[in-house]
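Fold and geometry: a report
So you can see what is in the structure, the chains are spelled out below.
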Amino acid sequence: MSRSKKIDLEKQKESFYQKQKSKQSQFDKELEEFEMKYNPFRILHLDYNATEDDVKKAYRRFSLKYHPDKPGGNAKKFMMITQAYVYLLQKIKIGRAHV
């Protein structure tokens, strides 16, 4: 492989990783905005020391109740429950990684 092809390949890799990093940072920003607007613990009716299992159980309970395909479902509440679930699991996983 010629030197110019290697350089081009390295630039492509770097570009790909920058795009992935910006996507992840956008996701982190959205999660922070969600936390500022709403309290995910309140949405899922959880204590602040809830475990991952507690979060999953609460999400399952509320998602079954408010799923838009169910009679009496509510799409807006379902989306808020889903966002709270994703946010809390993300925070739990980040906390586990820093231990």
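Quick summary incoming for the structure in this document.

**What about unusual backbone geometry?**
With a phi close to 55 degrees, His45 is a non-glycine residue in the positive phi region. The residue His45 is located in the loop between helix H2 (40–43) and helix H3 (52–66) in this model. Judged by its relative accessible area of 59%, His45 falls in the exposed class.

**Quick look at a negative patch on the surface**
The grouping of Asp28, Glu30, Glu32, Glu33 and Glu35 at the surface amounts to a negative patch. Secondary-structure assignment places Glu30 in helix H1 (residues 3–37).

**As for the nonpolar core**
If you look at the biggest cluster of nonpolar residues, it comprises 18 residues, and the most contacted ones within it are Leu44, Leu46, Val55, Ile81 and Leu88. If you list the elements that add at least two residues to this core, you get H2, H3 and helix H4 (75–97). Ranked by residues supplied to this core, first place goes to H4 with 7 residues. Leu46 has contacts with Phe41, Asp54, Val55, Ala58 and Leu88, leaving out every residue within four places of it along the chain.

**Thoughts on the packing of aromatic side chains**
This model, assessed by the stated rule, comprises 3 aromatic pairs. Both rings, one in Phe41 and one in Tyr48, keep their centres 4.7 Å apart while their planes meet at 50 degrees; by these two values the pair is tilted. When the ring of Phe62 is compared with that of Tyr66, the centres are 6.5 Å apart and the planes differ by 15 degrees; the resulting orientation is stacked. With a gap of 4 residues between them, Phe62 and Tyr66 both fall in helix H3, about one helical turn apart. The exposure class of Tyr66 is buried, given its relative accessible area of 16%.

**Description of the environment of Lys57**
Relative to the elements of secondary structure, Lys57 occurs in helix H3. For Lys57, a relative accessible area of 59% puts it in the exposed group. Linking Lys57 and Leu44, residues 13 residues apart in sequence, is a C-alpha distance of 9.5 Å.

**Here's the deal with H3**
The α-helix advances 3.6 residues per turn, and as a result positions three or four apart in sequence lie on the same side. Between its first and last C-alpha atoms H3 spans 21 Å; for 15 residues at 1.5 Å apiece the expected length is 21 Å, and the two agree. Within the span of H3, buried status applies to Val55, Ala58, Tyr59, Phe62, Ser63 and Tyr66. Looking down the long axis of H3, one finds its buried residues gathered within 125 degrees of arc, a one-sided arrangement. In H3, the exposed residues that point more than 90 degrees away from the buried face are Asp53, Lys57, Arg60 and Lys65.

**Thoughts on the pattern of salt bridges**
Applying the stated criterion across every chain, the model contains 1 salt bridge. With a closest N to O distance of 3.4 Å, Glu52 and Lys56 form a salt bridge. Linking Glu52 with Lys56, this pair stays in helix H3, spanning 4 residues, or about one helical turn. Note on Lys56: relative accessible area 37%, which makes it partly exposed.

Criteria and thresholds
Residues numbered from 1 in each chain as written. Predicted model: local features only at pLDDT ≥ 70, side-chain atom pairs only at ≥ 80, totals over all residues. Heavy atoms only, no water. Helix = DSSP H or I, 4+ residues; strand = E, 2+ residues; numbered from the N terminus. Buried < 20%, exposed > 50% of the residue type's maximum accessible area, 1.4 Å probe, protein only. Patch = residues over 30% accessible without salt bridge, like charges linked within 9 Å, V, L, I, M, F, W, Y side chains within 5 Å. Areas by Shrake-Rupley, 256 points an atom, 1.4 Å probe, with all protein chains shown as cover. Salt bridge = Lys/Arg side-chain N within 4 Å of Asp/Glu carboxyl O. Lys, Arg positive; Asp, Glu negative; His and termini not counted. Charge placed at Lys NZ, Arg CZ, Asp CG, Glu CD. Core = buried A, V, L, I, M, F, W, Y, C linked by side-chain atoms within 4.5 Å. Contact = heavy atoms within 4.5 Å. Phe/Tyr/Trp six-rings, centres within 6.5 Å; stacked < 30°, edge-to-face > 60°. Expected span 1.5 Å × (residues − 1). Arc of directions from axis to C-beta.

From the geometry alone we can't say anything about function, so treat these as descriptive.
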